[in-house]
Amino acid sequence: MAQTLHSVFLLLCFAISYTTLAVILRTAEKTVWTNEFDSAELSCLIESISTNNPRIEWKKIKNGVPSYVYFQNKISGDLEHRARLREPANLLILNASRYDTAQYRCEVAAMDDHKPFDEILISLAVRVKPEVPRCTVPDSATVGSSAELRCLENEGFPQSQYQWYRNDEELPEDPKSSPRFLNSSYTVNQDTGTLKFHMLQKTDAGEYYCVAKNEAGQAKCGAQLMEVYDLNITAIFLKVLGGVVAGIVVIVGLCQVCKRVSCKKETDNNYKAPRHDDGVDYITADEGHFRHKSSFVI
């Protein structure tokens, strides 16, 4: 029993001494979020170390390619004037940019320790406010027809969600959930920004605009007017009738022209050279040389 306790005591002492002589790192957050132009701090906490002056390095890993951020006791790379090291080994990034979104690796080397090296990986994601979206709204449409309104922007991160408004009033995702939109028939896709009317009503007319938003902020396009007209059967009939009449006039005109051309050709084919009373048959040049048909009487 005494021997067993002695062995356990020795193992504990070894474990304690190994831990004391080992570099051990941890972080407060494995994934850090911040907004563009704000600051972000990546924590690299040294839990255990024996070496008085360890070597600390930070690397940025973008698309699998590492580059130095902190090397030989100074900030380098694209963070040279926008970051600094905070004790013991935290990296503070000022005025964060969308291009700072990447993985960052903190590396600590302590040559006097039993375990002389440790590293920890931290992800940084920079939110980007949406830009003013591009909105497409038809100027006019007829009652009973379909129409599609589009809204899109490409700068926001994370990807923007879209919300449509009519006359400054938010369109609900389900039109049947609001008395104001009960007669409307549409579907809205908040991920793609499309608003599709299946069968327009007069009440769907109004000024439409779209808002793109994410965790970093929002932006909206200018309001655009969409008018909805009643279907005018009489006007449509008159337009069709006018087209038919115009077609008939053109066909009749072409027939008259063709008829005149045909008559002229027939007249030319029936033409005969006039006869002369002097008894001489005059022949054209293409029918041969001049020849006498009768003798001269003296």
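Rules used throughout
- Sequence order as written defines the numbering, with residues in each chain counted from 1.
- The model is predicted, so local features are restricted to residues of pLDDT at least 70 and side-chain atom pairs to those at 80 or more, both for listing and for counting; the totals for chains, interfaces and linings are taken over all residues.
- Only hydrogens and water are set aside when side-chain values are computed; all heavy atoms of the structure are taken into account.
- Pairing of aromatic rings covers Phe, Tyr and Trp, the last through its six-membered ring, and needs centres within 6.5 Å; plane angles under 30 degrees mean stacked, over 60 mean edge-to-face, and all others mean tilted.
- Strands are runs of DSSP state E lasting at least two residues, helices are runs of H or I lasting at least four, and both sets are numbered from the N terminus onward.
- Type-normalised accessible area, obtained with a 1.4 Å probe on protein chains alone, sets the label of each residue: buried when under 20%, exposed when over 50%, and partly exposed for intermediate values.
- Geometrically, a charge over a ring is one whose NZ (Lys) or CZ (Arg) sits within 6 Å of the ring centre while staying within 35 degrees of the ring normal.
- Pairing between strands is defined by DSSP: at least two bridges between them are needed.
- Here an angle of 0 to 180 degrees is reported between the N-to-C directions of two axes, which are lines fitted to C-alpha atoms, with helices fitted over the stretch in contact.
- Residues are called lining when one of their atoms sits within 4 Å of a cavity or pocket point, these points coming from a 1 Å grid over the protein atoms alone, where a cavity is a set in which a 1.4 Å probe fits but cannot get out and a pocket is an open set with protein on both sides within 12 Å along at least five of seven lines.
- Grid points are joined across faces, edges and corners, and a volume is the space filled by probe spheres set on the points.
- When residue character is reported, Ala, Val, Leu, Ile, Met, Phe, Trp, Tyr, Cys and Pro are called nonpolar, Asp, Glu, Lys and Arg charged, and the others, Gly included, polar.
- Any Lys or Arg side-chain nitrogen found within 4 Å of a carboxyl oxygen on Asp or Glu counts as a salt bridge.
- Disulfides are defined in this document as cysteine sulfur pairs within 2.5 Å.
- Contacts are residue-level and defined by heavy atoms, with any inter-residue pair within 4.5 Å sufficient.
- Here, the term nonpolar core denotes a set of buried Ala, Val, Leu, Ile, Met, Phe, Trp, Tyr and Cys residues that are joined through side-chain atoms within 4.5 Å.

**Thoughts on the packing of aromatic side chains**
Phase 1 of the analysis: Following the criterion strictly, the structure yields 5 aromatic pairs and no others.
Phase 2 of the analysis: Plain terms: the ring middles of Trp33 and Phe157 are 6.1 Å apart, the flat faces sit at 15° to each other, and that makes the pair stacked. With Trp33 in strand β2 (residues 31–35) and Phe157 in the loop between β14 (147–152) and β15 (161–166), the pair connects residues that are 124 residues apart, well separated along the chain.
Phase 3 of the analysis: The class of Trp33 is partly exposed, set by a relative accessible area of 41%.
Phase 4 of the analysis: Take Phe157: its relative accessible area is 35%, and that puts it in the partly exposed class.
Phase 5 of the analysis: Relative to Tyr209, the ring of Tyr165 lies with its centre 5.1 Å away and its plane at 5°, an arrangement referred to as stacked. Linking Tyr165 in strand β15 with Tyr209 in strand β19 (residues 206–214), this pair joins segments that are 44 residues apart in sequence.
Phase 6 of the analysis: Here the aromatic residues Tyr186, Phe197 and Tyr208 are joined through ring pairs into a cluster of three or more.
Phase 7 of the analysis: Directly above the ring of Tyr209 sits Lys220, whose terminal nitrogen or CZ lies 4.6 Å from the centroid.

**Some remarks on the sheet that holds strand β9 (residues 90–93)**
Phase 1 of the analysis: One open sheet holds the 3 strands; their spatial order is β3-β9-β8, and the pairing between them is antiparallel. Lying at the two open borders of the sheet, with one neighbouring strand each, are β3 (40–42) and β8 (83–86). When the angles between neighbouring strand axes are averaged without regard to direction, this sheet yields 20°.
Phase 2 of the analysis: One ladder, built from 4 bridges, connects β8 with β9; its direction is antiparallel. Among the inter-strand pairings, Arg84 is bridged to a residue of β9, identified as Leu92.

**Side note on the sheet that holds strand β5 (residues 55–62)**
Phase 1 of the analysis: One open sheet holds the 6 strands; their spatial order is β2-β11-β10-β5-β6-β7, and the pairing between them is mixed. Looking along the sheet, the strands with just one partner apiece sit at the ends: β2 and β7 (74–75).
Phase 2 of the analysis: Direction of pairing for β5 relative to strand β10 (residues 102–109): antiparallel, over a ladder of 7 bridges. Looking across to β10, one finds that Ile61 is bridged to Gln103.

**Side note on the layout of surface pockets**
Phase 1 of the analysis: By volume, the second largest pocket is sized at about 190 Å³.
Phase 2 of the analysis: Around the second largest pocket, the lining residues are Ile46, Ile49, Asn52, Asn53, Pro54, Arg55, Ile56, Tyr70, Asn73, Leu85, Glu87 and Pro88.
Phase 3 of the analysis: Within the lining of the second largest pocket, the residues separate by chemical class into 7 nonpolar, 3 polar and 2 charged.

**What about the pattern of salt bridges?**
Phase 1 of the analysis: Enumeration according to the criterion identifies 15 salt bridges in this entry.
Phase 2 of the analysis: In this structure, Lys60 engages Asp78 in a salt bridge whose closest nitrogen and oxygen atoms are separated by 3.1 Å. Of this pair, Lys60 sits in strand β5 while Asp78 is found in the loop between β7 and β8, placing the two residues 18 residues apart along the sequence.
Phase 3 of the analysis: Among the salt bridges present, the one from Glu155 reaches Arg98, with a minimum N-O distance of 2.5 Å. In this pair, Glu155 is assigned in the loop between β14 and β15 and Arg98 in the loop between β9 and β10, connecting sequence segments 57 residues apart.
Phase 4 of the analysis: Take Arg98: its relative accessible area is 28%, and that puts it in the partly exposed class.

**Remarks on the state of the cysteines**
The bond known as a disulfide is covalent and runs between the sulfur atoms of two cysteines.
Phase 1 of the analysis: Overall, the coordinates contain 3 disulfides when judged by the stated rule.
Phase 2 of the analysis: Covalently, Cys44 is tied to Cys106 through a disulfide, its sulfur atoms 2.0 Å apart. Its S-S torsion of about -75° marks the bond between Cys44 and Cys106 as left-handed, since a negative value means left-handed. Taken as a pair, Cys44 in the loop between β3 and β4 (45–48) and Cys106 in strand β10 lie far apart in primary sequence, 62 residues in all.
Phase 3 of the analysis: Between the sulfur of Cys135 and that of Cys221 lies a disulfide, 2.0 Å long from S to S. On the sign convention where negative is left-handed, the bridge of Cys135 and Cys221, at about -100° about the S-S bond, is left-handed. Taken together, the residues Cys135 in strand β12 (residues 134–136) and Cys221 in the loop between β20 (217–220) and β21 (224–229) connect sequence positions 86 residues apart. Considered together, Cys135 and Cys221 belong to a single accessibility category, that of buried residues.

**Structural notes on the environment of Ser97**
Phase 1 of the analysis: Here Ser97 is to be found in the loop between β9 and β10.
Phase 2 of the analysis: Residues Ser97 and Ala125, 28 residues apart in the sequence, show an inter-C-alpha distance of 9.8 Å.
Phase 3 of the analysis: Discounting chain neighbours no more than four positions away, the residues touching Ser97 are Glu36, Arg82 and Val126.

**A look at the environment of Lys74**
Phase 1 of the analysis: Here Lys74 lies in strand β7.
Phase 2 of the analysis: Separated by 17 residues in sequence, Lys74 and Glu57 place their C-alpha atoms 9.3 Å apart.

**Things to note about the nonpolar core**
Side chains of a nonpolar character, in soluble globular proteins, are inclined to be buried together.
Phase 1 of the analysis: Leu42, Trp58, Leu91, Ile93, Tyr104, Cys106 and Leu124 are the most contacted members of the largest nonpolar core, which totals 26 residues.
Phase 2 of the analysis: Counting only elements with at least two residues in this core, the list comes to β3, β5, β6 (65–71), β9, β10 and β11 (117–127).
Phase 3 of the analysis: Non-local contacts of Tyr104, meaning those with residues more than four positions away in its chain, are made with Leu42, Trp58, Lys59, Lys60, Val69, Leu79, Leu91, Ile93, Ile120, Leu121, Ile122 and Leu124.

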